[in-house]
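What follows is the residue order along each chain.
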Amino acid sequence: MKFVDPIRDIKKISLIKNLLRGENKIRDLLLFELGINSALRLSDLLRIKVLHLFNNMEIKEHFELKEEKTGKTTRITITPKVKDTLAHYKELYPSILKEKDNYIFFHQKVTPLGSKNIGRKQAWQMINNWTKAASLNGNYGGHTLRKTWGYQARKKGIPLELIQHKLNHSSMKVTQRYLGITNEEIEKACNELDL
């Protein structure tokens, strides 16, 4: 399996959001925002349905989803920025929200709209297009959104134990490897601490 990069630069995250918003690609913007804010695997993101995010057309505060890979149920907080995008989604796609079993990340060429979700390959291509449009160099793909959450959480000083729990990793060693802690970062930390 190839190593996949997170989006390390907050400005590039904002740029991708602005590009998608500017093109009125609200479904895609929601995929990006929910991906980088939920730490879900791509396969789990693509399974999200109306019933997960809305209750009688009202945006929920959180939802639970059983992860395909682990079988564990995880609770996802719907953050304020994601709620703003969901409000815009609600205005743009009211027909999708009429059926609670419709997929949020619907395939645009299948009718009725919402009856089929986009596939992993299409989502991978979307992520690659976004990162290229933001002039990011590296290897980006399906795990980029999840890794971005982990990377940014660590940069914000969130304890590794909480990151491990959120990512549903079995051990701290898995989380450390997943976050790609580099020798350069360790050296910088040592020089900054310099007791």
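Here goes a summary of the coordinates provided. Remember, predicted model here, so these are calculated numbers, not experimental data.

Cut-off values and rules
- Residues numbered from 1 in each chain as written.
- Predicted model: local features only at pLDDT ≥ 70, side-chain atom pairs only at ≥ 80, totals over all residues.
- Heavy atoms only, no water.
- Salt bridge = Lys/Arg side-chain N within 4 Å of Asp/Glu carboxyl O.
- Helix = DSSP H or I, 4+ residues; strand = E, 2+ residues; numbered from the N terminus.
- Axes fitted to C-alpha atoms, helices over the stretch in contact; angles between N-to-C directions.
- Parallel < 35°, antiparallel > 145°, perpendicular 65-115°, else oblique.
- Left-handed = near helix turned anticlockwise from the far one by under 90°.
- Contact = heavy atoms within 4.5 Å.
- Buried < 20%, exposed > 50% of the residue type's maximum accessible area, 1.4 Å probe, protein only.
- Pairing = 2+ DSSP bridges.

**Quick look at the pattern of salt bridges**
Two side chains with opposite charge may pair up if their charged atoms get near one another.
Then, number 1: Inspection of every chain in the model, using the stated rule, returns ten salt bridges.
Then, number 2: Across the salt bridge formed by Lys 83 and Glu 61, the nearest N and O atoms sit 2.6 Å from each other. Of the two residues, Lys 83 is situated in helix H5 (residues 80–92) and Glu 61 in the loop between strand E2 (58–59) and strand E3 (62–66); the sequence distance between them amounts to 22 residues.
Then, number 3: As a salt-bridge pair, Glu 192 and Lys 188 come within 3.8 Å of each other at their nearest N and O atoms. One end of the pair is Glu 192 and the other is Lys 188, both in helix H11 (residues 183–193) and four residues apart, which spans about a single turn.

**Brief notes about the packing of helix H2 (residues 26–38) against helix H8 (residues 144–155)**
Then, number 1: Remark: H2 packs on H8, axes separated minimally by 6 Å, with the N-to-C direction vectors making an angle of 45°. With respect to their mutual orientation, H2 and H8 come out oblique. As for the relative orientation of H2 and H8, their crossing is right-handed in sense. Facing Leu 31, Phe 32, Gly 35, Ile 36, Asn 37 and Ser 38 of H2, the residues of H8 in contact are Leu 145, Arg 146, Thr 148 and Trp 149.

**Looking at the pairing of strand E4 (residues 73–77)**
Then, number 1: Every second residue of E4 is oriented toward a common face, the buried set being Thr 74 and Ile 76 and the non-buried set Thr 73, Arg 75 and Thr 77.
Then, number 2: Where E3 and E4 come together, five bridges link them in antiparallel fashion. When the bridges of E4 are listed, Glu 64 appears paired with Arg 75.
Then, number 3: Count of turn residues in the E3/E4 antiparallel hairpin: six residues, of which Gly 71 carries a positive phi of about 80°.

No statement about biological role is implied by the geometric values presented.
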